[in-house]
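What follows is each chain in one-letter form.
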Amino acid sequence: MSTHTLDLTGKVAVVTGINREIGASLALTFAKAGATVVGVYYGEKERVDPVCAEANAHGATLDAIEADLRSVAENARVIAHSTQHHGGLDVFVANSGVTVFGDFLTMTESDWHHVMDLNLKGTFFEIGRAHV
């Protein structure tokens, strides 16, 4: 049985949703593997600070920025930040997502846009901007 280690030395990774468990874990994994990580969150900064502290304790770079990824302009800002401050973008994890729990027959148009703007539109433009 072979063991593989993740080596992202010299790579720049964007990970969205670092204020939640999966995003935080991915950001830390990539940072500990040598990547410079741009970690994106929206609200709940108190959940992000410990993630950054853990990365720093391992000598890793985790640059946390707040962005509302439902917005195309905010997605463009994340990509621009990565390239301008860290020299590029090699890995992109579109981890952010949201849902509205309840009977779908009672979902409002506002609820629909809230879910679709982050889960579909945001991801589409994140990935599109990442390839520019």
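Note that the structure is a prediction, hence the values are computed from the model and not measured.

Caption draft 1: View of the pairing of strand S1 (residues 12-16). The element S1 is extensively covered by neighbouring structure, given that 5 of its 5 residues are classed as buried. Residues Val12, Val14 and Thr16 point to one face of S1 and Ala13 and Val15 to the other, with burial holding for every one of them. Relative to strand S2 (residues 36-41), S1 runs parallel, the two being bridged by 5 bridges. Bridge pairing in S2 links Val12 to Thr36. Following the chain from S1 across helix H1 (residues 21-32) to the adjacent parallel S2, one finds a crossover that is right-handed. Note that S1 and strand S4 (residues 91-93) share 3 bridges and pair parallel. Paired with Val14 across the two strands is Phe92, which belongs to S4.

Caption draft 2: Looking closely at the pattern of salt bridges. In total, this model carries 7 salt bridges according to the counting rule given. With a shortest N-O distance of 2.5 Å, Lys45 and Asp49 are connected by a salt bridge. With Lys45 and Asp49 both in helix H2 (residues 45-57), this residue pair falls 4 residues apart, about one helical turn. The class for Lys45 is partly exposed, based on a relative accessible area of 42%. Judged by its relative accessible area of 40%, Asp49 is partly exposed.

Caption draft 3: The layout of surface pockets, seen in detail. Size it by volume and the largest pocket reaches roughly 400 Å³. Lining the largest pocket are 19 residues; nearest its centre among them are Asn19, Arg20, Ser96, Gly97 and Leu118. Residue assignment for the lining of the largest pocket shows that the elements contributing at least two residues are H1, S2 and helix H4 (109-130). Tallied by class, residues from the lining of the largest pocket come to 8 nonpolar, 6 polar and 5 charged.

Caption draft 4: Here's a closer look at the nonpolar core. Formed by 20 residues in total, the largest nonpolar core has its most connected members in Val15, Ile18, Phe30, Val37 and Leu62. When residues of this core are traced back to their parent elements, those giving at least two are S1, H1, S2 and H2. If near-sequence neighbours (up to four positions away) are discounted, Ile18 is found in contact with Gly23, Ala24, Ala27, Gly39, Val40, Tyr41, Val48, Val51, Leu62 and Ala64. Membership of the second largest hydrophobic core comes to 10 residues, among which are Val14, Val38, Val40 and Leu118.

Caption draft 5: Expanded view of the environment of Ala13. Note on placement: Ala13 falls in strand S1. For Ala13, a relative accessible area of 0% gives the class buried. A C-alpha to C-alpha distance of 10 Å links Ala13 and Asp63, two positions 50 residues apart in sequence. Excluding residues within four positions of it along the chain, Ala13 makes contact with Phe30, Ala35, Thr36, Val37, Val38, Leu89 and Val91.

Quick notes on the rules
- Residues numbered from 1 in each chain as written.
- Predicted model: local features only at pLDDT ≥ 70, side-chain atom pairs only at ≥ 80, totals over all residues.
- Heavy atoms only, no water.
- Buried < 20%, exposed > 50% of the residue type's maximum accessible area, 1.4 Å probe, protein only.
- Helix = DSSP H or I, 4+ residues; strand = E, 2+ residues; numbered from the N terminus.
- Pairing = 2+ DSSP bridges.
- Right-handed = clockwise from strand over helix to strand, strands pointing away.
- Salt bridge = Lys/Arg side-chain N within 4 Å of Asp/Glu carboxyl O.
- 1 Å grid on protein atoms, 1.4 Å probe; cavity = no way out; pocket = protein on both sides within 12 Å on 5 of 7 lines; lining within 4 Å.
- Points joined across faces, edges and corners; volume = space filled by probe spheres on them.
- Nonpolar A, V, L, I, M, F, W, Y, C, P; charged D, E, K, R; others polar.
- Core = buried A, V, L, I, M, F, W, Y, C linked by side-chain atoms within 4.5 Å.
- Contact = heavy atoms within 4.5 Å.

Function cannot be inferred from these measures alone, as they are strictly geometric.
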